[in-house]
Amino acid sequence: MTQDELKQKVAEAALHYVKDVAIVGVGTGSTVRHFIDYLADSKQNFEGAVSSSEMTTAHLKKVGIPVLDLNAVGTLDVYIDGADEISPHKHMIKGGGGALTREKIIAAASKKFICIVDESKCVDVLGAFALPVEVIPMARSYVAREMVKLGGQPVWRENFITDNHNVILDVHNLNILDPIKLEQIINNITGVVSNGLFAMRGADVVLIGKGTEVITR
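Values in this document were obtained by computation on a predicted structure and should not be read as measured data.

Caption draft 1: Seen up close, the side chain of Glu 134. With respect to the element layout, Glu 134 can be found in strand E7 (residues 131-135). In this structure, Glu 134 is buried with no salt-bridge partner, the nearest side chain bearing the opposite charge being Arg 102 at 7.3 Å. When near neighbours in sequence (up to four residues on either side) are disregarded, Glu 134 contacts Leu 100, Thr 101, Thr 162, Asn 164, Asn 166, Val 167, Ile 168, Gly 191, Val 192, Val 193 and Ser 194.

So, in structure tokens, the structure goes:
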């Protein structure tokens, strides 16, 4: 199977986790786009979705799925999203598409987080994928200097603004042996909105497209 076919297969498998769910939390990314297309076939069975990005919102509306405000919905039963990297401990790096803050909010507000990935995203240790950090614009240089102190090499994602009107630093060469601790340290840097480590709130279930099958972890 091609990588895209694996993404389709694992996205379809995620439908099992949204049966009898009234409102679905929906993430962002190429695998999630397939999930939305599959979800559209059963849109009559649920009320709508809470979206993690403007891009996802546009896709949901295009296929006829109502998009709801998290403030009005409250706690979600399930959130479906992908990852840029995921470890055996179900810790993740997310934010390659720039939606990390809203993704993190929805994950925190959900009872169950289902991560859908193809096998290329599975790693033993996080960090080969540059860690995205969303930053208030005026703090960009300051936060970059702080990331250097932590051993990283920050690169400003130029010509990119998040849905929250902030900027992103992609931090390379971090040695992420303790992702929970590092997530906390980075979040405590003044000017950081959030970072792409999903360790304090990791995935509950991981669906991995591998070979011709979907593995549940």
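Caption draft 2: Up close: the environment of Ala 99. Position of Ala 99 relative to the elements: it lies in the loop between strand E5 (92-93) and helix H5 (100-108). Looking at Ala 99, the relative accessible area reads 9%, which means it is buried. As for Ala 99 and Lys 7, which are separated by 92 residues in sequence, their C-alpha atoms are 19 Å apart. Ignoring any residue separated from it by four or fewer positions in sequence, one finds Ala 99 in contact with Thr 28, Ser 52 and Ser 53.

Caption draft 3: Representation of the packing of helix H1 (residues 3-13) against helix H2 (residues 30-40) in the model. Two numbers describe how H1 lies on H2: the axes approach to 8 Å, and their chain directions differ by 50°. The orientation of H1 with respect to H2, classified from their angle, is oblique. As for the relative orientation of H1 and H2, their crossing is right-handed in sense. Along its contact with H1, which presents Asp 4, Lys 7, Gln 8, Val 10, Ala 11 and Glu 12, the element H2 presents Ser 30, Thr 31, His 34, Phe 35 and Tyr 38. Tallied by class, residues from the contact of H1 with H2 come to 4 nonpolar, 4 polar and 3 charged.

Caption draft 4: Structural detail: the environment of Lys 112. Locating Lys 112 in the fold gives a position in strand E6 (residues 110-118). Since its relative accessible area comes to 37%, Lys 112 is described here as partly exposed. In the structure, Lys 112 is positioned 91 residues away from Ala 203 in sequence and 7.7 Å away in space, judged by C-alpha atoms. In this structure Lys 112 touches Asp 77, Val 78, Tyr 79, Arg 201 and Asp 204, once residues within four positions along its chain are discounted.

Caption draft 5: The pattern of salt bridges, seen in detail. A complete count under the given rule lists 9 salt bridges for this structure. One salt bridge in this structure joins Arg 102 and Glu 54, with 3.2 Å as the shortest N-O distance. With Arg 102 in helix H5 and Glu 54 in helix H3 (residues 54-62), the pair connects residues that are 48 residues apart, well separated along the chain. The class of Arg 102 is partly exposed, set by a relative accessible area of 24%.

Caption draft 6: Broad picture of the nonpolar core. Membership of the largest hydrophobic core comes to 23 residues, with the highest contact counts inside it found for Val 24, Val 26, Phe 35, Ile 65, Ile 80 and Ile 116. A total of 5 residues in this core trace back to one element, the largest contributor, which is H2. Apart from the residues lying within four places of it in its own chain, the contact partners of Phe 35 are Ala 11, Ala 14, Leu 15, Val 18, Val 24, Val 26, Ile 80 and Ile 116. Judged by nonpolar contacts, the second largest core, of 19 residues, contains Leu 131, Ala 139, Val 167 and Ile 189.

Caption draft 7: Spatial organisation of helix H7 (residues 179-187). Among the residues of H7, those classed as buried are Pro 179, Leu 182, Glu 183 and Ile 186. Viewed along the axis of H7, the buried residues span an arc of 105°, placing them on a single side of the element.

Caption draft 8: Quick look at the sheet that holds strand E4 (residues 85-86). An order of E4-E5-E11 is seen for the 3 strands of this open sheet, with the pairing classed as antiparallel. Each having just a single partner strand, E4 and strand E11 (197-198) make up the two edges of the open sheet. Here E4 pairs with E5 via 2 bridges, running antiparallel. Pairing of Ile 86 across the sheet is with Met 92, part of E5.

Caption draft 9: Inspection of the packing of aromatic side chains at higher detail. For the coordinates displayed, the defined rule picks out 1 aromatic pair. Ring plane angle 45° and centroid distance 5.0 Å describe the contact between Tyr 79 and Phe 113, whose orientation is recorded as tilted. With Tyr 79 in strand E3 (residues 76-81) and Phe 113 in strand E6, the pair connects residues that are 34 residues apart, well separated along the chain. A relative accessible area of 0% means that Phe 113 is categorised as buried. It is Lys 104 that lies over the ring of Phe 198; its NZ or CZ is 5.0 Å from the centre. Above the face of the Phe 160 ring, Arg 157 is positioned so that its terminal group lies 5.2 Å from the ring centre.

Analysis parameters
- Residues numbered from 1 in each chain as written.
- Predicted model: local features only at pLDDT ≥ 70, side-chain atom pairs only at ≥ 80, totals over all residues.
- Heavy atoms only, no water.
- Helix = DSSP H or I, 4+ residues; strand = E, 2+ residues; numbered from the N terminus.
- Buried < 20%, exposed > 50% of the residue type's maximum accessible area, 1.4 Å probe, protein only.
- Lys, Arg positive; Asp, Glu negative; His and termini not counted.
- Salt bridge = Lys/Arg side-chain N within 4 Å of Asp/Glu carboxyl O.
- Contact = heavy atoms within 4.5 Å.
- Axes fitted to C-alpha atoms, helices over the stretch in contact; angles between N-to-C directions.
- Parallel < 35°, antiparallel > 145°, perpendicular 65-115°, else oblique.
- Left-handed = near helix turned anticlockwise from the far one by under 90°.
- Nonpolar A, V, L, I, M, F, W, Y, C, P; charged D, E, K, R; others polar.
- Core = buried A, V, L, I, M, F, W, Y, C linked by side-chain atoms within 4.5 Å.
- Arc of directions from axis to C-beta.
- Pairing = 2+ DSSP bridges.
- Phe/Tyr/Trp six-rings, centres within 6.5 Å; stacked < 30°, edge-to-face > 60°.
- Lys NZ or Arg CZ within 6 Å of the ring centre and 35° of its normal.

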